[in-house]
Amino acid sequence: MPMNFKRYVIIAVSLLSIVLAHADEKDRIAQTKRSLPGLKGEKLLAAYDSLLVLYFYEGDIENQIVYINHLIRLSKTLHEEKKAARYICERASIFYNADMNDSLIAVAKEDMEYLRESRQWNQYYEVWTHLVNTYAYSGKTGEGLKEVDEMYRDAESRHDQYGIGLAYYAMGNVYNNMHNWEESEENYQKSIEVLSKIQPIPHLLPDIFSYYGDVLEEQHKYDVLKQHTIHWKSFLRHYFAEAKKNKVYKEDDETLWAYYYLGCCQASLGLGNLNEAERQLDQVRKRIQSPDDYVSMCWLYYSAQLNLLKGRYQEALELNDQRTQYMQDTDDIFMDIKVRQQRAEILTRLGRDAEAAKLYREMYTINDSINTHETKRQLTEMNTRYHVNELKVKQQQDQIKIILIGASIIMLVLLGFILYRYRAAKRLKIAHDKLLVAYDQLEETTTAKERIESELRIARDIQMGMVPRQFPPFPERTDIDLYASMTPAKEVGGDLYDYFILHERLYFCVGDVSGKGVPASLFMAVACNLFRVIAQQEIPPCEIARQLNDALSADNENGMFVTMFIGVINLASGKMDFCNAGHNPPVIMNDGDAAHFLELEYNCCLGLFPGAEFDGGTIDDVREHPFFVYTDGLNEAENATQQQFGDNRLLSVLQSHSYENAQHTIDTLKEEVARHVAGADPSDDLTMLCVKINHPTA
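Asks: Break down the overall build of the chain for me, with residues and values.
Replies: A tally of helices and strands in the chain yields 24 helices and 10 strands. Long-range contacts, defined as pairs at least 24 residues apart, comprise 66% of the intrachain contacts of the chain with a sequence gap of at least 6. Carbon and sulfur atoms provide 53% of the accessible area of the chain, an area that totals close to 36,400 Å².

Asks: Explain the side chain of Gln219 residue by residue, including any values.
Replies: The residue Gln219 is located in the loop between helix H10 (205-218) and helix H11 (222-245) in this model. Taking the relative accessible area as the measure of exposure, Gln219 reaches 18% and is therefore buried. Within the local environment of Gln219, its side chain forms a polar contact with the side chain of Glu185, the two groups lying 2.8 Å apart. Once residues lying within four places of it in the same chain are set aside, the contact partners of Gln219 are Trp181, Glu182 and Glu185.

Asks: So what about the pairing of strand S4 (residues 562-570)? Which residues, and what values?
Replies: A regular strand places its side chains on the two faces of the sheet in alternate fashion. Taking burial as the measure, the nine residues of S4 include nine buried ones, the bulk of the element. Of the two faces of S4, both are covered, the one formed by Val562, Met564, Ile566, Val568 and Asn570 as well as the one formed by Thr563, Phe565, Gly567 and Ile569. Relative to S4, strand S3 (residues 505-513) runs antiparallel, the two sharing nine bridges. From the neighbouring strand, Leu506 faces S4, where its bridge partner is Ile569. The sheet contact formed by S4 and strand S5 (residues 576-581) spans six bridges and is antiparallel. Opposite Phe565, over in S5, you have Asn580 as the bridge partner. Counting the residues between successive antiparallel strands, the hairpin from S4 to S5 contains five residues, one of them, Gly574, with a positive phi of roughly 85°.

Asks: Could you give an account of the nonpolar core, naming the residues involved and the relevant values?
Replies: Ranked by size, the top nonpolar core spans 100 residues in total, and within it Tyr125, Val127, Trp128, Leu166, Leu205, Leu236 and Tyr302 carry the most contacts. Setting aside chain neighbours within four positions, we find Val127 in contact with Ile88, Cys89, Ala92, Ala108, Met112 and Leu115. Grouped together as the second largest cluster of nonpolar side chains are 55 residues, Phe531, Ile569, Ile588 and Ile619 included.

Asks: How would you explain the pairing of S3 if you had to name every residue and give the values?
Replies: Among the nine residues of S3, eight are classified as buried, and the element is accordingly described as predominantly covered. Looking at chain direction, strand S2 (residues 495-502) and S3 are connected through eight bridges and run antiparallel. When the sheet's bridge partners are listed, Asp498 is paired in S3 with Cys509. As consecutive antiparallel partners, S2 and S3 are separated by two residues, and within that stretch His503 has a phi angle of approximately 50°, a positive value.

Asks: Account for unusual backbone geometry, with residues named and values stated.
Replies: At the junction of Gln199 and Pro200, the peptide bond is cis and its omega measures out at -5° in the coordinates. Looking at the element boundaries, Pro200 is found in the loop between helix H9 (181-195) and H10. In this structure, the amide linkage connecting Phe471 to the following residue, Pro472, adopts the cis form with an omega of 0°. The backbone of His220 sits at a positive phi, close to 60°, despite the residue not being glycine. Using a relative accessible area of 56% as the deciding quantity, one classes His220 as exposed. Its identity is not glycine, yet Asn603 carries a phi of approximately 60°, on the positive side. Locating Asn603 in the fold gives a position in the loop between strand S7 (595-597) and strand S8 (616-619).

Asks: Give a description of helix H4 (residues 81-97) that names residues and reports values.
Replies: Taking 1.5 Å per residue, 17 residues should reach 24 Å; H4 reaches 24 Å between its end C-alpha atoms and fits that length. Of all the residues in H4, the buried ones are Ala84, Ala85, Tyr87, Ile88, Cys89, Arg91, Ala92, Ile94, Phe95 and Tyr96. Looking one or two residues beyond H4, the residue adopting positive phi is Asp99, at roughly 60°.

Asks: Tell me about the packing of H4 against helix H6 (residues 121-137), residues and numbers included.
Replies: At a minimum axis distance of 9 Å, the contact between H4 and H6 shows a crossing angle of 10°. In terms of orientation, H4 lies roughly parallel with respect to H6. Crossing handedness for the pair H4 and H6: left-handed. When H4 is examined against H6, the residues Ala85, Arg86, Ile88, Cys89, Ala92, Ser93 and Tyr96 are found in contact with a partner set consisting of Gln123, Glu126, Val127, His130, Asn133, Thr134 and Tyr137. Looking at the contact of H4 with H6, its residues break down into seven nonpolar, five polar and two charged.

Asks: Quick one: what's the story with the environment of Pro610, residue by residue and with numbers?
Replies: If you trace the backbone, Pro610 turns up in the loop between S7 and S8. In this structure Pro610 comes out as exposed when scored by relative accessible area, which is 61%. Measuring from C-alpha to C-alpha, the distance between Pro610 and Arg546 comes to 8.7 Å, with 64 residues separating the pair along the chain. The contacts of Pro610, once residues within four sequence positions are left out, are Asn549, Asp550 and Ser553.

Asks: Which residues make up the state of the cysteines, and what are the values?
Replies: This model, assessed by the stated rule, comprises zero disulfides. Of all cysteine sulfurs in the structure, the one in Cys579 sits closest to Cys542, which takes part in no disulfide; the separation is 6.0 Å. For Cys579, a relative accessible area of 1% gives the class buried.

Asks: Could you give an account of the packing of aromatic side chains, with specific residues and numbers?
Replies: Under the counting rule described, the total for this entry stands at 31 aromatic pairs. Each ring, one from Trp121 and one from Tyr124, has its centre 5.5 Å from the other, and the planes form 80°; the classification is edge-to-face. In this pair, Trp121 and Tyr124 both sit in helix H6, three residues apart, roughly one turn of the helix. You can call Tyr124 buried: its relative accessible area is 4%. Ring pairing ties together the aromatic residues Phe209, Trp232, Phe235, Tyr239, Phe240, Trp257, Tyr260 and Tyr261, which thus form one cluster. If you follow Lys76 out to its NZ or CZ, it ends over the ring of Tyr114, 4.6 Å from the centre.

Asks: Residues and numbers for a nonpolar patch on the surface, please.
Replies: A cluster of nonpolar residues, Val53, Phe56 and Tyr57, forms a patch on the protein surface that exposes about 300 Å² of accessible area. Counting through the fold element by element, Phe56 comes out in helix H2 (residues 41-58).

Asks: Explain the sheet that holds strand S1 (residues 480-487) residue by residue, including any values.
Replies: One open sheet holds the five strands; their spatial order is S1-S10-S9-S6-S7, and the pairing between them is antiparallel. One side of each edge strand has no neighbouring strand; the edge strands of this open sheet are S1 and S7. If you compare each strand with its neighbour and ignore which way they point, the axes differ by 15° on average. By the bridge criterion, three bridges tie strand S6 (residues 587-589) to S7 in an arrangement that is antiparallel. Paired with Ile588 across the strands is His596, a residue of S7. Sheet contacts for helix H23 (residues 647-656): S6, S7 and strand S9 (627-630); angle to S7, the most-contacted strand, approximately 150°. Helix H24 (residues 662-677) contacts S1, S9 and strand S10 (686-693) of the sheet and is inclined by roughly 30° relative to S1.

Calculation criteria
Residues numbered from 1 in each chain as written. Predicted model: local features only at pLDDT ≥ 70, side-chain atom pairs only at ≥ 80, totals over all residues. Heavy atoms only, no water. Helix = DSSP H or I, 4+ residues; strand = E, 2+ residues; numbered from the N terminus. Contact = heavy atoms within 4.5 Å. Areas by Shrake-Rupley, 256 points an atom, 1.4 Å probe, with all protein chains shown as cover. Buried < 20%, exposed > 50% of the residue type's maximum accessible area, 1.4 Å probe, protein only. Polar contact = N/O pair within 3.5 Å; in protein donor to acceptor, adjacent residues only side chain to side chain. Pairing = 2+ DSSP bridges. Core = buried A, V, L, I, M, F, W, Y, C linked by side-chain atoms within 4.5 Å. Expected span 1.5 Å × (residues − 1). Axes fitted to C-alpha atoms, helices over the stretch in contact; angles between N-to-C directions. Parallel < 35°, antiparallel > 145°, perpendicular 65-115°, else oblique. Left-handed = near helix turned anticlockwise from the far one by under 90°. Nonpolar A, V, L, I, M, F, W, Y, C, P; charged D, E, K, R; others polar. Disulfide = S-S within 2.5 Å. Phe/Tyr/Trp six-rings, centres within 6.5 Å; stacked < 30°, edge-to-face > 60°. Lys NZ or Arg CZ within 6 Å of the ring centre and 35° of its normal. Patch = residues over 30% accessible without salt bridge, like charges linked within 9 Å, V, L, I, M, F, W, Y side chains within 5 Å. Salt bridge = Lys/Arg side-chain N within 4 Å of Asp/Glu carboxyl O.

Take a look at the structure:
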């Protein structure tokens, strides 16, 4: 009871302090406003500046704009060009951060003209950067591309490294918004290289480190991202040391460190270092300023991802619930897809397949190609305009030549030249018309191709999210050594695997759908979900196969089918019941690494014959005997001469490599298959699952 009372007292005192501080700020604002009529010149400027700061802490955007406008006008009147430049930059920043796009666009060009005339080059390029970012993030990608191109050429013409560095940064943002991660990565990297050499350190550089880390994560370059965080940490220490040395107060110290720890967390999650990721997320949480700020949103997303990977599905869902609530206040379609995809994967792990399927259908309806058509049109217009400008310059040069030649040659040569120009112009018009037709065809083809590729990428992500990918899958258990791998031959495939524990029994399956590509992937999704639903009835493998077959056979007009091996292992006794539905025979390894194919009843495939019966088999005790299941993408993998990997080679590899663990077995076979095919295109999907049940340790 005393501890609770003490806590309530602390909370009450904290709230009282906030109320008193707010009241104090209100008093200071009122007092400063009362003093304005009697102030002039520098004193009036200082008063306006104080009001701007006070309204900033109040979060009053409307009054911030009022007093920043007063400061700009008064600074210009007093010929305080450096102060005017600083306030112009602050106004652009206020407009940009408050999403007041029209306001920023309306004043940017006039502000840039003043900064150019007063030779305030750093602020000149900063305002230009805000303008490019505003176009990029408001859907006017074409305008953003035009502006950043002009910005780069302007800075390069004056050899202004600050302007060049910011142009690379702005270009990175444009490509980032277009989801062109490779170009975005390259431009952020160039920006960091250029701006890191400038003293004093540009205040935008910490943000660029964060953006660069994000695009590395999008490309799954986790090793590169980890190296980047080492450079990032060194930079931040130097940045804050310089700020302290120069007595410059950095208001957002904690936020910048929060972005750094988020980058570390992204790398750790990608590399599977979950304990490190948890420690880094704790550091992020300490630095959250507000429950609805960007840092908090990121913390919720990656905390949910961490809990998902650790198998804490209910905790992951609760965190995703909180993140989903904030999606109502944003139009970031790309983040919406990521949050929904994470939620669908969590629901699948919780066995709530119907809800997960509904989310996947919703994701398909979201337009993932943001402004693709408009962007391509703007790019085409840019290229066409530049080409026309070049023609105009050439025509002007030719006209000057004609005038000079006309002054020294006879009229007959002039007439001949004019006739030649007429014919050339006619040919040029024909070529130009053909070029425009080619542009239109290229635009349509490119847009269609990009949409198909984007949809296939989403389909691949969805498909890969349907099979469990957390390894080790049951970190709390020492008696289960299990690892699986699935590699589609195309963007999406028809192989599948699944496993789960129910009442001390390990249920698992490996399957191969007839055909490849999108049709096979859809059939795979149905089969995968049906297996999990049916198997949870705790019925024998042969009964699971029978019900699966009846469900898949219904309305199967295309005649698709799936081969499948189904196993159920009693973890207490080691007894394994199994059923093989037309699948390749698994391999079991005995003492001394001896390996042989399992003798079994094959049965028919699933999905072709409704009402078919299935026979199963039993192994009394599989403990300490590694068990390996695979699809025919392994033994039928072909090299350039169409020679298959083969069953004998499979057994030879398993016997010649001492068993270390399930993952080592699968990685070894992957290497051997890659060595065999020697770069030839894969002929089929390749899926492998290896499991070894150990005797429980004392």
